[in-house]
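Descriptive structure summary
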Amino acid sequence: MHLRHNKLIQEKVMESLSSVLPITAIVLFISITVAPLTLGTMMLFLFGAVLLILGMGLFTLGVDMSMIPMGDGIGIQISKSRRIIPPLLVCFILGIVITIAEPDLQVLAEQLPSVPNMTLILVVALGVGFFLVVSQLRMILGIPLSYTLLFFYAIVFCLTFFVPNTFIPAAFDSGGVTTGPITVPFIMALGIGLAAIRSDKDSSSDSFGLVALCSIGPILAVMILGIVMPGMDSSYSPIIIPDVSTTKEAAALFAYDIPHYIAEVAIALLPIVAIFALLQLIFRRFRGHQIGRMLVGLIYTYVGLVLFLVGVNVGFMPAGATIGASIASGSSKWLLIPIGMLAGYFIVRAEPAVQVLARQVEKITNGFIPQKAINQSLAIGMAISVGLAMLRILTGISILWILIPGYMVALVMTFFVPQIFTGVAFDSGGVASGPMTTTFLLPFAMGACEALGGNVLTDAFGIVALVAMTPPCTIQLLGLYGNWKSKHAVKEKSVFKELESLESGIIYWEV
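The structure displayed is predicted, hence computed values, not measured ones.

1. Here's the deal with the overall build of the chain
Secondary structure summary: the chain contains 20 helices and zero strands in total. When burial is assessed residue by residue, the chain has 55% of its 511 residues classed as buried. Pairs at least 24 residues apart make up 86% of the contacts formed inside the chain by residues separated by at least 6 positions. Looking at the chain as shown, the accessible area adds up to about 21,700 Å², and 70% of this sits on carbon and sulfur atoms.

Structure, rendered in structure tokens:
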């Protein structure tokens, strides 16, 4: 058993290495060509990359062993209830609890200092809880995901006409922020569990879509706050580049921040574990050895996420901000677009929840949608997102000129692809906008915007929203291509059968 665990850890760490190495190599190349980094910033980045590799490996192994079985088990158990209200109540409470616990939500709260942190957190948490209930009702009533998404996004874009301009990017960013590395695997597994006891043709399609709908809740919540509290403003905290000159000082900086993330991740995980323990005491769903495996998995998840968050926040954030500012300050400002696209293409592979999503999709679809196809589609989508974000910084165009057409294209496509692709595509938007985006790409955009003298709130913020917008388009394009390919194959098979039949007739005639 011990040897098997060691082998699994080695496999996950090697997968993590292959995901993190490309973006590390790109940053190193950029630092010796167009955007030099100080030795201190480079040391922080390299230390962070090492922690990232170890943390992501342990995290993905832990999620497989603990979070996914827990979410799946809770989903199956509450689906067995013959009454409607108790399962909906459980989903509502789950949505609130896991959102309050999400570490990235604290960052969002700091961006809106005129609103008390707890007020904002509770409003956003209520939004997620409400949409988790909407997701379950949609599955019970058999409402297609396409119609549900179209209805609620129509409400979102109608509200943009009543929300202060400086607030719109932060509102859309909140949708990506609240679907973080802890909530995404759990909510995805919950969706799979909710659909597992059904045997109809739509059960596999309904396994996905919960993350997509739960991402809408925070957007609506923050917009409503902007409308009912018109006097509030939004601000941001400038990124401070640490003054580090030796490896000892770099290591001390990481050591100083570790206790903060140890507490933060514990606060994030404990509510989920408490709810699971309560349901386990009531229903006795899992046996002793299964619970033991989950406990080991929770330790891996905990340690891995602490290492990952320390690595990206302490090591990657200063590098992202410095590179963005350096390129924008140079004579070739347009390089922000291709360099941003290149970084976006490779950085999405280092998002921990992306690997979880890709494996779950391949498993549920029995290999029909392979991990490689999901990863490639997400990478292309991320590259386009960052390219558009850099274009906004250079030109100052409103984010709505991109978001509205982008989501219109994505929503129209939902009526032409299999429903499972719609669920996977919109879930991917929430999954792709994870900690790597908020700790490297957002600082990259902020550094560039500050160097150009732009408005950080309206021009740099919104990159998370763009990252959440493009995967629904690229993955549904994958679905359209799959549809075309399968129809083409059927047509070829039909023609081949006709030729075969014709050949048989000719042979018979000759005889």
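2. Observations regarding helix α5 (residues 117-141)
Since the α-helix packs 3.6 residues into each turn, any two residues three or four apart lie on the same face. Here α5 spans 36 Å end to end across 25 residues, near enough to the 36 Å set by a 1.5 Å rise per residue. The positive-phi residue at the C-terminal boundary of α5 is Gly142, with phi of around 75°.

3. Some words on the nonpolar core
With 154 residues, the main nonpolar core has Leu149, Phe172, Ile216, Met390 and Leu403 as its most contacted residues. With 16 residues, the top contributor of residues to this core is helix α2 (residues 39-79). Beyond its immediate chain neighbours, meaning those up to four positions away, Met390 contacts Leu336, Ile337, Phe444, Ala445 and Ile463.

4. Quick notes on the side chain of Ser31
Mapped onto the elements, Ser31 comes out in helix α1 (residues 2-31). Ser31 sits in the buried class, given a relative accessible area of 9%. Once you skip the residues sitting within four places of it in the chain, Ser31 turns out to touch Pro36, Leu37 and Met42.

5. Here we look at helix α11 (residues 247-283)
Between its first and last C-alpha, α11 extends 52 Å over 37 residues, near the 54 Å set by a 1.5 Å rise per residue. At Ile258, α11 shows its largest kink, close to 30°, and the proline Pro259 lies no more than four residues downstream. The set of residues buried in α11 consists of Ala250, Phe254, Tyr261, Glu264, Val265, Ala268, Leu269, Ile272, Ile275, Phe276, Leu279 and Gln280. Downstream of α11 by one or two residues, Arg284 has phi in the positive range, about 50°.

6. Concerning the pattern of salt bridges
As enumerated under the stated definition, the model contains two salt bridges in all. Here Asp64 makes a salt bridge to Arg359, at a shortest N to O gap of 3.0 Å. Highlighted residues: Asp64 in helix α2 and Arg359 in helix α14 (residues 352-364), separated in sequence by 295 residues. A relative accessible area of 27% places Asp64 in the partly exposed class. On the accessibility criterion, Arg359 (16% relative accessible area) is buried. A network of salt bridges, in which partner residues are shared, links Lys12, Asp64 and Arg359.

7. Digging into the packing of aromatic side chains
One pass over the structure, following the stated rule, counts 14 aromatic pairs. Ring geometry for Tyr345 versus Phe346: centroids 5.0 Å apart, planes at 80°, classification edge-to-face. Judged by its relative accessible area of 22%, Phe346 is partly exposed.

8. Focus: the packing of helix α6 (residues 145-159) against helix α16 (residues 400-413)
Between two packed helices, what matters for the description is the angle formed by their axes and the separation of those axes. With their axes 11 Å apart at the nearest point, α6 and α16 run at an angle of 170° to one another. Classified by the interaxial angle, the pair formed by α6 and α16 is roughly antiparallel. Contacts between α6 and α16 involve Leu149, Leu150, Tyr153 and Phe157 on the former and, on the latter, Leu403, Ile404, Tyr407 and Leu411. Residue classes in the contact of α6 with α16 are distributed as eight nonpolar, no polar and no charged.

9. Examining the confidence of the model for the chain
For the chain, mean pLDDT is 81; residues scoring 70 or higher make up 88% of the total. Low pLDDT, under 50, characterises residues 502-511; the predicted model gives this stretch zero contacts beyond four residues in sequence or across chains.

10. What to know about the environment of Leu105
Structurally, Leu105 is set in helix α4 (residues 103-110). In this structure, the C-alpha to C-alpha distance between Leu105 and Val124, residues 19 residues apart in sequence, is 8.7 Å. Dropping the residues within four chain positions of it, Leu105 is found in contact with Thr99, Ile121, Val124, Val177 and Thr178.

11. Observations regarding the packing of helix α3 (residues 85-100) against α5
Where α3 meets α5, the closest approach of the two axes is 7 Å, and the angle between their N-to-C directions is 145°. The two elements α3 and α5 meet at a crossing, and its hand is right-handed. Contact residues: α3 offers Pro87, Leu88, Cys91, Phe92, Leu94, Gly95, Ile96, Thr99 and Ile100, while α5 offers Ile121, Leu122, Val124, Ala125, Leu126, Val128, Gly129, Phe130, Leu132, Val133, Gln136 and Leu137. Classifying every residue of the contact of α3 with α5 gives 17 nonpolar, four polar and no charged.

12. Quick word on a nonpolar patch on the surface
On the surface, Ile84, Ile85, Leu137, Ile140, Leu141, Ile143, Tyr147, Leu150, Val412, Phe415 and Phe416 cluster together to form a nonpolar patch covering roughly 1,100 Å² of accessible area. Elements represented by at least two residues in the nonpolar patch include exactly α5 and α6. Top contributing element to the nonpolar patch by residue count: α5, with three residues. Here Ile140 is to be found in helix α5.

13. As for the environment of Ser377
Looking at the element boundaries, Ser377 is found in helix α15 (residues 371-395). In the structure, Ser377 is positioned 96 residues away from Cys473 in sequence and 9.2 Å away in space, judged by C-alpha atoms. Ignoring anything within four residues of it in the chain, the contact list for Ser377 reads Thr474, Ile475 and Leu478.

14. Description of the state of the cysteines
Scanning the model with the defined rule gives zero disulfides in all. Of all cysteine sulfurs in the structure, the one in Cys214 sits closest to Cys91, which takes part in no disulfide; the separation is 8.9 Å.

15. Observations regarding the side chain of Thr60
The topology assignment puts Thr60 in helix α2. Separated by 3.0 Å, the side chain of Thr60 and the backbone oxygen of Met56 make a polar contact. Among residues more than four places away in sequence, those in contact with Thr60 are Lys12, Pro352, Gln355 and Arg359.

Calculation rules
Residues numbered from 1 in each chain as written. Predicted model: local features only at pLDDT ≥ 70, side-chain atom pairs only at ≥ 80, totals over all residues. Heavy atoms only, no water. Helix = DSSP H or I, 4+ residues; strand = E, 2+ residues; numbered from the N terminus. Buried < 20%, exposed > 50% of the residue type's maximum accessible area, 1.4 Å probe, protein only. Contact = heavy atoms within 4.5 Å. Areas by Shrake-Rupley, 256 points an atom, 1.4 Å probe, with all protein chains shown as cover. Expected span 1.5 Å × (residues − 1). Core = buried A, V, L, I, M, F, W, Y, C linked by side-chain atoms within 4.5 Å. Bend = angle between axes of the 7 residues up to and from the residue. Salt bridge = Lys/Arg side-chain N within 4 Å of Asp/Glu carboxyl O. Phe/Tyr/Trp six-rings, centres within 6.5 Å; stacked < 30°, edge-to-face > 60°. Axes fitted to C-alpha atoms, helices over the stretch in contact; angles between N-to-C directions. Parallel < 35°, antiparallel > 145°, perpendicular 65-115°, else oblique. Nonpolar A, V, L, I, M, F, W, Y, C, P; charged D, E, K, R; others polar. pLDDT = per-residue confidence, 0-100. Left-handed = near helix turned anticlockwise from the far one by under 90°. Patch = residues over 30% accessible without salt bridge, like charges linked within 9 Å, V, L, I, M, F, W, Y side chains within 5 Å. Disulfide = S-S within 2.5 Å. Polar contact = N/O pair within 3.5 Å; in protein donor to acceptor, adjacent residues only side chain to side chain.

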